[in-house]
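Letter by letter, the chains look like this.
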Amino acid sequence: MKQYIAQRIADLRALMKANHVAAFIVPSTDPHLSEYVAPHWQAREWLSGFTGSAGTVVVTMEKAGLWTDSRYFLQAGQQLEGTGITLYKEMLPDTPDIATFLATNLKAGDTVGIDGLVFATTEAIRLEKALKENHMELKCMDDPFEDIWDKRPPMPQGQAFVYELKYAGKSCQEKLADIRRIMEGQGAETLLVTALDEIAWTLNIRGGDVHCNPVVVSYLLIGKKETHYFIDLNKVNAKVAGHLKGAGISVHPYDTIGDYLANTDNVWADSEKTNYALYSILTSHRKHIIDRTSPIARLKSVRNKTETEGIRQAMTRDGVALVKFLRWLEQAVPTGKLTEMEVNRKLHQFRAAQDLYMGESFDTIAGYKEHGAIVHYEATPETDATLKPKGFLLLDSGAQYLDGTTDITRTIALGPLTEEEKTDYTLILKGHIDLAMAVFPEGTRGAQLDVLARMPIWKRHMNFLHGTGHGVGHFLNVHEGPQSIRMNENPIALEPGMVTSNEPGVYKAGSHGIRTENLVLTVEAGEGMFGRYLKFETLTLCPICKKGIVKDLLDKEEKAWLNAYHQTVYEKLSPYLNEEEKEWLKEKCGKLE
């Protein structure tokens, strides 16, 4: 790969020169600003060789840099080595942002190019303002990779399919009615929906256009009475066509969305989720825009009763698969033949044997010892480590079931541990439990709870820079909003029915990484002073490794939570196990004194 990077950057610079731009910015997104994108839009990866899901490359005539967050510092450092691309670590005080970098490395009168189709409107406007302050301009170009990317993957061709009501719990017509009531309250005649998971949820449609994310590349325009769906018509079979027609939805070719927007006024368009090219169509035609967060994000995040029961059932089957896998892992490690990639393959086999299994919800992270410190590590034939009966294996994985999406991390002691490993493991577990036990008043935001998970390691002058919790879709994207639990402020309050991850961690380069993750459901906790209170119900069912626990670091309440959790795990999973598996699980769920 690295031998081609220099030529690819040279080809981009030649195209930049022909278009009179001094710099070009390449984000990680597609026209729908997705976190995970189809190969056709993986231009940043093709250009740089960096395979993480988040990152932005900036190329000038003299320099090239990649900006990414803490999840990928180690991975990006390794993958960019020898490419001539400099790594810029976001959120660190000495790291310039992209606008500052451009101001430092370009001169007044220079032009910076972007492809507006893959750039969020808010980001483009912010960048344009910063450039103007330094007497530079922003220029939208046609996709440059159409000219320089040889053998570029085609547009995704996955087939759409109907997501049955017995799993969705609410019909497409009911969802459209809910959305229209909110639109009316905001005075909007049309809602532009570009986020693929929001479209899939609204229409009760799923697909296979994006790896691990069951969505369909498409756009949606919801009017007061009419709904227009823009999709490659080859993806719409007779059943899907009948489903859409029954909901009063007209179907149009994917690339005609711009024509419809040019003739539509009073549009609700979320600039955070709408690409700059589409948004510019509205502004160039002087259309009235209501720029607000999409109403679908919140509607989608609050599970109905059918979805809630579905995720509980999915968690039970996922837990059975994980117990079978962990028992197998314990027996396989001492052979000295087990590798990280084999762990991935075997876990897939156990999950694939479960009913309603549709695939992984993301690529499994199986990181042994120092590989666990690479937050989004993925083993390759070159890095595939052999597991030994010592140290930690960090295993972060998830599955897509028709009735729910799972995401779980366990850090597993394969044998003897250092005192540092034990202490770090226990502190992370302590933070996980403290957040899981939270009781909080209605209206509380994730940022107000985040400290519960971090305080045990903050006291030891340690931290992690990724979020503590993200929303999880329902047979949809494993990462979704609008809620989150993280240090930076998010105005969205946690509500009953929201499913969120609880995943504190700590990562020490060259040594070990630790993360413990369960999914939690926000539920009612009863009335109290000044109103309602809420709490978390832990949904994930899988034993937490006890070998690394320093008992004295857990207080009485934390031990009680862990014992109660393990009792629940045993009670819910044991009916689906054979006698040997039950005995194994009973020991793993034994009481911590």
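Look up: the structure comes first, before these words.
Summary of the structure given here. (Residues numbered from 1 in each chain as written. Predicted model: local features only at pLDDT ≥ 70, side-chain atom pairs only at ≥ 80, totals over all residues. Heavy atoms only, no water.)

Observations concerning a nonpolar patch on the surface
A cluster of nonpolar side chains, M91, V451, L452, M455, W458 and M487, forms an exposed patch at the surface whose accessible area comes to about 480 Å². Assignment of secondary structure puts M487 in the loop between β23 (480-485) and β24 (499-502). (Patch = residues over 30% accessible without salt bridge, like charges linked within 9 Å, V, L, I, M, F, W, Y side chains within 5 Å. Areas by Shrake-Rupley, 256 points an atom, 1.4 Å probe, with all protein chains shown as cover. Salt bridge = Lys/Arg side-chain N within 4 Å of Asp/Glu carboxyl O. Helix = DSSP H or I, 4+ residues; strand = E, 2+ residues; numbered from the N terminus.)

Topic: the nonpolar core
The biggest cluster of nonpolar side chains holds 60 residues, and the ones touching the most others in it are F325, L329, V343, L387 and L393. The biggest single contributor to this core is helix α14 (residues 305-332), with nine residues. Listed in part, the 50 residues of the second largest apolar core include A38, C172, L196 and L203. (Core = buried A, V, L, I, M, F, W, Y, C linked by side-chain atoms within 4.5 Å. Buried < 20%, exposed > 50% of the residue type's maximum accessible area, 1.4 Å probe, protein only.)

Section: the packing of helix α16 (residues 419-436) against helix α18 (residues 556-573)
Across the interface, α16 lies against α18 with an axial gap of 10 Å and an inter-helix angle of 80°. As summarised for this structure, α16 and α18 are arranged roughly perpendicular, according to the angle between their axes. For the pair formed by α16 and α18, the contact residues are L429, K430, H432, I433, D434 and A436 on the first element and E558, W561 and L562 on the second. By residue class, the composition of the contact of α16 with α18 is five nonpolar, one polar and three charged. (Axes fitted to C-alpha atoms, helices over the stretch in contact; angles between N-to-C directions. Parallel < 35°, antiparallel > 145°, perpendicular 65-115°, else oblique. Contact = heavy atoms within 4.5 Å. Nonpolar A, V, L, I, M, F, W, Y, C, P; charged D, E, K, R; others polar.)

Some points on the sheet that holds strand β19 (residues 404-405)
Taken together, the three strands give an open sheet; going across it, the order is β15-β18-β19, and neighbouring strands pair in antiparallel fashion. Two strands close off the open sheet at either side, each with one partner strand: β15 (357-360) and β19. Here two bridges tie strand β18 (residues 399-401) to β19, and the two strands are oriented antiparallel to one another. Along β19, the bridge assignment pairs Q400 with T405. Here α14 sits on the sheet in contact with β18 and β19, set at roughly 130° to β18. Each of β15 and β18 touches helix α15 (residues 340-352); the most contacted strand, β15, lies at about 165° to it. (Pairing = 2+ DSSP bridges.)

Honestly, it's all geometry; don't read function into it.
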